[in-house]
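# Summary of structural features
So the chains spell out like this:
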Amino acid sequence: MKKVVILKGNIVHTPEPKGFQCVKNGYLVAVDNEIQGIYQELPKEYGGQPVTDWGDALIMPGMYDMHVHAPQYVYRGLGLDMQLMDWLNTYAFPTEARFKDPEYAKVYYRAFAQALKKNGTARAVVFSTIHWETTELLMDILEEEKVGGFAGKINMDTLSPDFLCEDTEQSIKDTRHWLERNINKRKLVKPAVTPRFIPTCTAEVLKGVGELAKEFGVPVHSHISEDIGEMEIVRGRYPEYDNDGAVYDHFGLLTDHTVMAHFIYPNEQELKLVRDRGVTIAHCPQSNGNVAAGIPPIRRMLEMGIKVGLGSDIAGGYSPCLFRAMSEAVYLSKLRWLQSGKEDDFLTIPEAFYLGTKGGGQFFGKLGSFEAGNELDALVIDDGSLSVELDELTLEQRMERVIHLADDRNIIGRYVAGEKA
Ligand code: GUN
Ligand code: FE
């Protein structure tokens, strides 16, 4: 028997970045997790099927967190008066070392997965730590909480503290072992190779994981051109390349199955390279401000046809809620607009919504909007607490207010891969 899901409510999505498409009191129909369409009247063929009526609530696509560090959930909201490299040494590395212990990992990975779920994240691209055993645990927990996506055991074998530094050969061996064990083990959560960033990875490890990504057909996830200090290290180590992208490309790590966080300081060649390879950029506005990394040229990337999604980058960002990332993407782009002498146009609200839904969703499959043929990931938003009853807002205005002001308390329903989750 085919599984028919029919949701009734105020349906809002962005098939294109230029504007919201809204249907008031409409029906969203999916059969076996394939969206059939959005209808003002329910087509006759679905008569007699159960309809979930969400009343005056908003129904929107699920949100996609394209870059987040699961172990850093431990210290979210702490230490954000530091700059990136100091912050990594003081907070990230000592905390991540504790994830060798499964008892410790179990508690925090559960809290992390539940936070993503509660905040409306349908799928995510997740960093764990260098430990493959607890990475497996994280994948199990994400699957149980119905947060889909990719998780990755980190590689780091140089310029890292002794307590969190792998032997080069062991790093590659462990990654292979972990890939073999987890490649086809779960429905929603799959592995991605995750070299932390160029400074903490030797050439051997970058080459090794590039080959593994190809062999196993899995995505690549890392950080690119995030910070001046980081980039100076990379230029020093690879003087023959003048940008991070060229180094990653040399090791076969830039493909249309790659997601790279930040891209704050790309040069012209690097922008073209990333576009031509089909890489997705994870824009993490809250983190970019918090660790004083900088303001990326997102408008430029979009104009060039580079794929962009949004990330929370917990714990560079303190909030797992991607409404914050949408709101702050616009905010940060305005600071860039001012800083550029009003040259670099800022983002619009529908564009930010697009980045947080379809922009990232595309990385996981046919996801992120309610176009016919797509899979069904959806959120149901009760925005009643955000408006006074006398307000008469359009659906666009209601969604705009949700982006700035809603939090997990406004999310009253969640569907992932065509099922209530
Ligand atoms: N670069 C390398 N590691 C990290 C990390 O944990 N967070 C951020 N924001 N950047 C990084
Ligand atoms: Fe990060």
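Residues numbered from 1 in each chain as written. Chains lettered and ligands numbered in written order. Predicted model: local features only at pLDDT ≥ 70, side-chain atom pairs only at ≥ 80, totals over all residues. Heavy atoms only, no water.

### Re the pattern of salt bridges
Quick reminder of the rule: Whenever a carboxyl oxygen of Asp or Glu lies within 4 Å of a side-chain nitrogen of Lys or Arg, that contact is scored as a salt bridge. A run of H or I in DSSP becomes a helix once it reaches four residues, and a run of E becomes a strand once it reaches two; helices and strands are each numbered from the N terminus. Exposed residues in this analysis have more than 50% of their type's maximum accessible area, buried residues have under 20%, and partly exposed residues fall in between, with area computed by a 1.4 Å probe over protein chains only.
Considering all chains together, one arrives at 25 salt bridges under this definition. A salt bridge links Glu-180 to Arg-176, with the shortest nitrogen-to-oxygen separation between them at 3.9 Å. Taken together, the residues span about one helical turn, with Glu-180 and Arg-176 both in helix H4 (residues 168-182) at a distance of 4 residues. In this structure Glu-180 comes out as partly exposed when scored by relative accessible area, which is 46%. Given the relative accessible area of 31%, Arg-176 is considered partly exposed.

### Some details on the packing of aromatic side chains
Inclusion rule: Classification of ring pairs rests on two measures: the distance between centres of Phe, Tyr or Trp rings, Trp counted by its six-membered ring, which must be within 6.5 Å, and the angle between planes, read as stacked under 30 degrees, edge-to-face over 60 and tilted in between. Throughout this description, the term charge over a ring refers to an Arg CZ or Lys NZ atom that lies within 6 Å of the ring centre and within 35 degrees of the ring normal.
Throughout the structure, instances matching the rule amount to 13 aromatic pairs. Arranged with centres 5.2 Å apart and planes meeting at 90 degrees, the rings of Trp-337 and Phe-346 form a pair that is edge-to-face. Residue classification places Trp-337 among the partly exposed positions, given a relative accessible area of 22%. When its relative accessible area of 32% is taken as the criterion, Phe-346 is described as partly exposed. Members of the aromatic cluster, joined through ring pairs, are Tyr-64, Phe-150, Phe-363 and Phe-364. Its end group placed over the ring of Tyr-73, Arg-76 keeps NZ or CZ at 4.0 Å from the ring centre. Lying over the aromatic face of Phe-346, Lys-334 brings its terminal NZ or CZ to 5.3 Å of the ring centre.

### Side note on empty space enclosed by the protein
Quick reminder of the rule: Grid spacing is 1 Å over the protein atoms alone, the probe is 1.4 Å, and a cavity is where that probe fits but cannot get out, while a pocket is an open set with protein on both sides within 12 Å along at least five of seven lines and lining residues have an atom within 4 Å of a point. Grid points are joined across faces, edges and corners, and a volume is the space filled by probe spheres set on the points. Under this grouping Gly is polar, as are all residues other than the nonpolar Ala, Val, Leu, Ile, Met, Phe, Trp, Tyr, Cys and Pro and the charged Asp, Glu, Lys and Arg.
Scanning the entire structure with this criterion turns up 3 cavities of 30 Å³ or more. Among the elements that line the lining of the largest cavity, the one with the most residues is helix H1 (residues 84-97), at 3 residues. Split by residue class, the lining of the largest cavity holds 5 nonpolar, 6 polar and 3 charged. For the lining of the second largest cavity, the elements supplying multiple residues, two or more each, are helix H10 (298-304) and helix H11 (322-339).

### Notes on the packing of helix H3 (residues 132-144) against H4
Using the following cut-off: A fitted line through C-alpha atoms serves as each axis, taken over the contacting stretch for helices, and the angle formed by two N-to-C directions is quoted from 0 to 180°. Any angle that falls under 35 degrees is termed roughly parallel, while one over 145 is termed roughly antiparallel, one within 65 to 115 roughly perpendicular, and all others oblique. Note on convention: the crossing is left-handed when the near helix lies turned anticlockwise from the far helix by less than a right angle, right-handed when the turn is clockwise. By definition in these notes, contact holds between two residues if any of their heavy atoms fall within 4.5 Å.
Viewed as axis vectors pointing N to C, H3 and H4 meet at an angle of 30 degrees, and their least axial separation amounts to 10 Å. Between H3 and H4, the angle falls in the class roughly parallel. H4 is crossed by H3, and the crossing has right-handed handedness. Here Trp-132, Thr-135, Glu-136 and Met-139 of H3 come into contact with H4, specifically with Asp-174, His-177, Trp-178, Arg-181 and Asn-182. Here the contact of H3 with H4 is built from residues that sort into 3 nonpolar, 3 polar and 3 charged.

### Describing helix H5 (residues 203-216)
To be explicit about the condition: To estimate the expected span of a helix, count its residues, drop one, and scale the result by 1.5 Å.
When the terminal C-alpha atoms of H5 are compared, their 20 Å separation across 14 residues agrees well with the 20 Å that a helix rising 1.5 Å per residue should span. Lining the buried residues of H5 we find strand S8 (154-155), H4, strand S10 (194-195) and strand S11 (220-224).

### Overview of unusual backbone geometry
Omega for the peptide link from Ile-314 to Ala-315 comes to 5 degrees, which places this bond in the cis form. Positionally, Ala-315 belongs in the loop between strand S14 (307-310) and H11. Look at Asp-32: it is not a glycine, yet its phi comes out positive at around 45 degrees. Summarising the element assignment, Asp-32 is placed in the loop between strand S2 (21-31) and strand S3 (34-39).

### Focus on the side chain of His-262
Here His-262 lies in strand S12 (residues 258-262). Classification of His-262 as buried rests on a relative accessible area of 0%. Not counting residues within four places of it along the chain, the set of residues in contact with His-262 comprises His-67, His-223, Ile-224, Glu-226, Ile-281, Ala-282, Cys-284, Ser-287, Asn-288, Pro-296, Met-301 and Asp-313.

### Notes on the coordination of the iron ion (ligand 2)
Rule in force here: Donor atoms: N, O and S within 2.8 Å of the metal, or within 3.2 Å for Na, K and Ca. Because water is excluded, sites can look incomplete. A four-donor site is called tetrahedral if each angle lies between 85 and 135 degrees; a four-donor site is square planar, and a six-donor site octahedral, when trans pairs exceed 155 degrees and the remaining angles lie between 65 and 115; all other cases are labelled irregular.
Within the first shell, the iron ion (ligand 2) binds the protein through His-67 (NE2), His-69 (NE2), His-223 (NE2) and Asp-313 (OD), at distances of 2.1 to 2.4 Å. Each of the 4 donor atoms bound to the iron ion (ligand 2) contributes to angles spanning 86 to 173 degrees, and the resulting shape is irregular. In primary-sequence terms, the residues that donate to the iron ion (ligand 2) follow H-x1-H-x153-H-x89-D. The class for His-67 is buried, based on a relative accessible area of 0%. On the basis of relative accessibility, which here comes to 2%, the residue His-69 falls in the buried class.

### Things to note about the nonpolar core
Within soluble globular proteins, side chains that are nonpolar tend to cluster in buried spots. Operational definition: Residues enter a nonpolar core if they are buried and are Ala, Val, Leu, Ile, Met, Phe, Trp, Tyr or Cys, with the set joined through side-chain atoms within 4.5 Å.
Ranked by internal contacts, the top residues of the largest apolar core, which has 116 residues, are Phe-112, Val-126, Leu-142, Ile-281, Ile-306, Phe-323 and Met-399. For this core, the element with the most residues is helix H2 (residues 102-118), which contributes 7 residues. Apart from the residues lying within four places of it in its own chain, the contact partners of Leu-142 are Phe-112, Ala-113, Val-126, Val-147, Ala-151 and Val-189. Grouped together as the second largest cluster of nonpolar side chains are 14 residues, Leu-28, Ile-35, Leu-376 and Ala-378 included.

Honestly, that's just the spatial picture; any functional story needs more than this.
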